[in-house]
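# Coordinates in review
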Amino acid sequence: MVIDTTSKCNMERDMMAFLDITLDELYQYIDFAAKKAQEETLAFQTDIFYSELNTIISDLQPVKTIDEIMCFHLSRRLNSQPDDLKIYDLKQLLLSDNELVRFLKKYSVEFQEQNNHLTLYYQDRMVPLDNTMNSDVCYLRSRFGYNPGRQDYCFNGFAMRDLLMRNYYARELYDGPEFLVKLAHYLKNGTIMKKYKEVSTYYCYTLRMPISKVILDGHDEFNNENKWLYLVDQICYRLCMYTEGDDTTLHDDDNPIILTSDNTTLPEKYKISREVITLDMLS
């Protein structure tokens, strides 16, 4: 089973099906946990909220198993790229033959693998990434694998779509991939991003992935049961927020981030759909 997180109504529907309860019962349980979370202090204690929910879920003993998870991947892609959705981690992407690599070569940017990390070449010269006082360098060193045991090549996405267009990161990625923005800035070559934006389109890809294949950011140690329980907690918290006030004031800063392990290629069969994101859609 998967909980459809594309909208509030879909989350309600699938939570009712998962727990085999009515809509009124769902919100009674959420309200009970929310009141418990504020008994001792005016501040909302999320750890108490989740603990109360987990006790309720355990008591309900759901029969269905959540074995898949929705994932929403934001990506500005070159229009010349085929829509096969084969999503590679950054290392595989920059070392293989593809449209992005060919685009970068037009601006004299190339990559090689050396000493287990990506080495950047610009205008046929190796670009050192030694000045860790520079914020661009710190970011690029992380993304290019300079920090052993803390490489950051991985794919990422979000667990909920309902408010995703209000996420600050969705707006940041409108101009292009974060690594590319940082790279162009560091190389002092504004033409790279200008041209990339002209020949690309910003998308939200909807994927449905086996829960065993995903990593929840900040919770690498979670097993499959921990993952689905965490996701259910987050969905209930989101539904609780909908009851607190005007929908137009809600934000998306608490959206769980989904990762995959490095050296992972996501097959096309995980894709459900893709939609074009326009600037008007972003708040």
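Since the model is a prediction, treat every value here as computed from it, not as a measurement.

Basis of the calculations
- Starting from 1, residues in each chain are numbered consecutively following that chain's sequence as written.
- The predicted origin of the model limits local features to residues at a pLDDT of at least 70 and limits the giving and counting of side-chain atom pairs to 80 or more, whereas totals for whole chains, interfaces and linings rest on all residues.
- Side-chain numbers here rest on the full set of heavy atoms in the structure, without hydrogens or water.
- The angle between two axes is taken between their N-to-C directions and runs from 0 to 180 degrees, where each axis is a line fitted to C-alpha atoms and a helix contributes only its stretch in contact.
- Strands are runs of DSSP state E lasting at least two residues, helices are runs of H or I lasting at least four, and both sets are numbered from the N terminus onward.
- By definition in this entry, angles of less than 35 degrees are roughly parallel, angles greater than 145 are roughly antiparallel, angles of 65 to 115 are roughly perpendicular, and the rest are oblique.
- By definition in these notes, contact holds between two residues if any of their heavy atoms fall within 4.5 Å.
- Here the nonpolar group is Ala, Val, Leu, Ile, Met, Phe, Trp, Tyr, Cys and Pro; Asp, Glu, Lys and Arg are the charged ones; every other residue, Gly included, is treated as polar.
- We call a residue buried when its accessible area falls under 20% of the maximum for its residue type, exposed when it is over 50%, and partly exposed in between, using a 1.4 Å probe and counting protein chains only.
- Of the two site types, the cavity is a set of points on a 1 Å grid over the protein atoms alone where a 1.4 Å probe fits but cannot get out, and the pocket is an open set with protein on both sides within 12 Å along at least five of seven lines, each lined by residues with an atom within 4 Å of a point.
- Grid points are joined across faces, edges and corners, and a volume is the space filled by probe spheres set on the points.
- Here the expected length of a helix is defined as 1.5 Å per residue gap, with one fewer gap than residues.
- Any pair of nitrogen or oxygen atoms within 3.5 Å is treated as a polar contact; in protein, a donor-acceptor pairing is required on top of that, and neighbouring residues in sequence qualify only through side-chain atoms on both sides.
- Whether two strands pair comes down to DSSP finding at least two bridges between them.
- What makes a nonpolar core is a set of buried Ala, Val, Leu, Ile, Met, Phe, Trp, Tyr and Cys residues whose side-chain atoms join them at distances within 4.5 Å.

Moving on to the packing of helix α2 (residues 23-36) against helix α10 (residues 224-242). Between α2 and α10, the shortest axis-to-axis distance is 10 Å and the interhelical angle comes to 90°. The orientation of α2 with respect to α10, classified from their angle, is roughly perpendicular. Taken together, the residues of α10 that come into contact with α2 (itself represented by L26, Y27, I30 and A34) are C236, L239 and C240. Across the contact of α2 with α10, the residue classes break down as 7 nonpolar, no polar and no charged.

Let us look at the environment of H185. Along the chain, H185 falls in helix α8 (residues 178-186). Residue H185 is classed as exposed on the basis of its relative accessible area of 56%. Each C-alpha atom, one on H185 and one on D136, is 7.7 Å from the other, the two residues being 49 residues apart in sequence.

Attention shifts here to empty space enclosed by the protein. Summed over the entire model, instances satisfying the criterion amount to 1 cavity of 30 Å³ or more. Of the volumes computed, that of the largest cavity is approximately 50 Å³. In terms of lining residues, the largest cavity is bounded by L19, L26, Y29, L53, I56, I57, V232 and C236. At the level of elements, α2, α3 (46-60) and α10 are the ones that each hand at least two residues to the lining of the largest cavity. When residues of the lining of the largest cavity are assigned to their parent elements, the largest contribution, 3 residues, is made by α3. When grouped by side-chain class, the residues that make up the lining of the largest cavity number 8 nonpolar, no polar and no charged.

A rise of 1.5 Å per residue sets the reference length of α10, with its 19 residues, at 27 Å; its end C-alpha atoms lie 27 Å apart and thus fit the reference within 8%. Of all 19 residues in α10, 14 are buried, a share of seventy percent or more. At the N-terminal boundary of α10, the capping side chain belongs to N223, with an oxygen 3.1 Å from the backbone nitrogen of E225.

Turning next to the pairing of strand β3 (residues 117-122). Most of β3 is tucked away, with 6 of its 6 residues classed as buried. Bridge count for strand β2 (residues 109-114) against β3 is 6 bridges, and the pairing is antiparallel. Across the sheet, Q112 pairs through a bridge with T119, a residue of β3. In this structure, the hairpin formed by β2 and β3 is closed by a connection of 2 residues, where N115 is found at a positive phi of approximately 55°. When β3 meets strand β4 (residues 125-126), the two strands line up antiparallel, connected through 2 bridges. The residue bridging Y122 from the neighbouring strand is R125, located in β4. Here β3 folds back onto β4, and the loop between the two strands holds 2 residues, one of which, Q123, carries a positive phi near 55°.

Moving on to the nonpolar core. Core analysis: the largest hydrophobic core is formed by 45 residues, its most contacted members being F49 and M209. When contributions to this core are tallied by element, the ones reaching two or more residues are α1 (8-19), α2, α3, β1 (68-78), β6 (200-210) and α10. By residue number, the principal contributor to this core is α10, which donates 10 residues. If near-sequence neighbours (up to four positions away) are discounted, M209 is found in contact with D67, E68, I69, C71, F155, V214, T260, L266 and Y270.

Take it as geometry only, folks, not as evidence of what the structure does.
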